[in-house]
Amino acid sequence: MNPLWLSHFTATSSIGRGLDQTLAALHQRRAGLMPCAFDTVDLETFIGEVAGVDEVQLPAHLADFDCRNNRLALLGLMQDGFADAVHAAIAKYGAQRIGVFLGTSTSGILQTELAYRRRDATTGAFPADFIYGTTHNTFSVADFTRHYFGLTGPAVVVSSACSSSAKVFASARRMMAAGLIDAALVGGVDSLCLTTLYGFNSLGLISEQACRPFDAQRNGISIGEAAAFALLERTPAHLDADAVLLLGTGESSDAYHMSSPHPDGLGARMAMQDALKMAGLKPADIDYINLHGTATPSNDAAEGKAVTAIFGAATPCSSTKGATGHTLGAAGGVEAVICALALQHGLLPAGLNTRQPDSSLDLDYLLENREQPVARVLSNSFGFGGTNCSLIFGRADNS
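Rules of the game
Residues numbered from 1 in each chain as written. Predicted model: local features only at pLDDT ≥ 70, side-chain atom pairs only at ≥ 80, totals over all residues. Heavy atoms only, no water. Core = buried A, V, L, I, M, F, W, Y, C linked by side-chain atoms within 4.5 Å. Buried < 20%, exposed > 50% of the residue type's maximum accessible area, 1.4 Å probe, protein only. Helix = DSSP H or I, 4+ residues; strand = E, 2+ residues; numbered from the N terminus. Contact = heavy atoms within 4.5 Å. Pairing = 2+ DSSP bridges. Expected span 1.5 Å × (residues − 1).

A. Representation of the nonpolar core in the model. One finds Leu6, Phe169, Val186, Leu232 and Phe393 to be the most contacted residues of the largest nonpolar core, which totals 45 residues. Counting residues per element, this core draws most heavily on helix H11 (residues 331-345), at eight residues. Ignoring anything within four residues of it in the chain, the contact list for Leu232 reads Leu4, Trp5, Leu6, Phe169, Ala172, Met176, Ala183, Ala184, Val186 and Leu246. In this structure, Val56, Phe65, Ala142 and Leu185 belong to the second largest nonpolar core, which totals 34 residues.

B. Region of the structure containing unusual backbone geometry. The phi torsion at Ala295 lies on the positive side, around 85 degrees, for a residue other than glycine. Checked against the element boundaries, Ala295 lands in the loop between strand S11 (288-290) and helix H9 (297-311). On the accessibility criterion, Ala295 (0% relative accessible area) is buried. At Asn353, a position not held by glycine, the phi torsion is positive, near 75 degrees. By the secondary structure assignment, Asn353 is in the loop between strand S13 (347-348) and strand S14 (364-365). In this structure Asn353 comes out as partly exposed when scored by relative accessible area, which is 26%.

C. Representation of the environment of Ala85. With respect to the helices, strands and loops of the structure, Ala85 is situated in helix H3 (residues 82-93). Take Ala85: its relative accessible area is 8%, and that puts it in the buried class. Apart from the residues lying within four places of it in its own chain, the contact partners of Ala85 are His8 and Leu231.

D. Expanded view of the sheet that holds strand S8 (residues 223-224). Ordered by their spatial adjacency, three strands build an open sheet running S3-S4-S8, and the pairing between neighbours is mixed. For this open sheet the edge positions go to strand S3 (34-35) and S8, each flanked by a neighbour on one side alone. Here S3 runs beside strand S4 (residues 46-48); their pairing, made up of two bridges, is antiparallel. Each bridged residue has a counterpart across the sheet, and for Pro35 the counterpart in S4 is Phe46.

E. Broad picture of helix H8 (residues 266-279). Look at H8: 20 Å from first C-alpha to last across 14 residues, which is about the 20 Å you get at 1.5 Å a residue. Looking only at H8, the buried set comprises Gly267, Ala268, Ala271, Met272, Ala275 and Leu276. On its buried side, H8 packs onto strand S10 (244-253), H9, strand S16 (376-383) and strand S17 (387-395). Positive backbone phi, approximately 70 degrees, marks Gly280, located one or two places after H8.

F. Molecular detail of helix H5 (residues 140-149). Across the 10 residues that make up H5, a large majority, seven, are buried. Along H5, the positions that sit buried rather than exposed are Ser140, Val141, Ala142, Asp143, Phe144, Thr145 and Phe149. Along its buried surface, H5 packs onto helix H2 (68-77), H3, strand S5 (98-103), strand S6 (155-158) and strand S7 (183-190). Once H5 finishes, Gly150 follows within two positions and takes phi at roughly 70 degrees, a positive value.

Right, here's the structure in full:
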């Protein structure tokens, strides 16, 4: 199948709402991580919280979907004229010919946490206004999105931990190749909740400082939240030179350990190699790698070994999680948008907070921004259980 066109895309995270704010934050090397003051959480850590989510109001006819995750989704959909682009696609293809493929990990768990506090003191029953199916349920964010736009085509949520919203690009590509749809709304939404913060803390994976991916002294993640979306269409005959294309996808599974990657990055290598093969590219054709880079000792070490095994030490790379935090199920989508901005603006973003890159990992890790022409980039997203996905994006004038 030919490359797919990202005709529109947008991202909302702790570093900004929409493309302009996101790009400005990358240029200014401004992070969105702040000491945690979320809800009742009592942890010494930093988080990437999106301001204003609680003030978002869902349309009255979609009130049953009201939860933090869907409010964040709506906030993201309202940026950069993305909703207008979806409506235009509906007019072009028909509501039944556009698929919805979204990634999330926590979905609306916060809504259940809040409801749990209001249980009946005698029976333990949840309050009557708690609706699991349209809030906590993993499918909720896709169901909300399809109802919001009136879409009637296939709708899928991928929940494969931190690779979720990268894998949706591959899922949509397969369905378009099969001729079942003509366009796809892809992306990811993940919002803050107590389960995530206390859960990762119980695993000893939370850093007390703002996370430092690939630093010699890295000691854990900083959790963030985000919403990112792209509209995938088949590539038309004529495109602007800086149009962004999805050139290749690669997926693999370590099947090594439930919460640790293969120590030599075996699954990561397989995903990157498959993405290169689909795109018909050699490692030397990639100008920048957006690393998964969670800032945990084992994950960064495994990914570093995998990258070096394929690309050597010459390809510039960085993790942007030092800016946004680890947005879990939304990470693949957010970092796909960052890669698209890198292609369009010739910006290789620095990895923030990293002071001394781990000398045991032979990488060209960016401590400062680089501005140069960028033709093709690779983005890695790896999740618990060894679920791996690599995406390759390119400019239209180099593809």
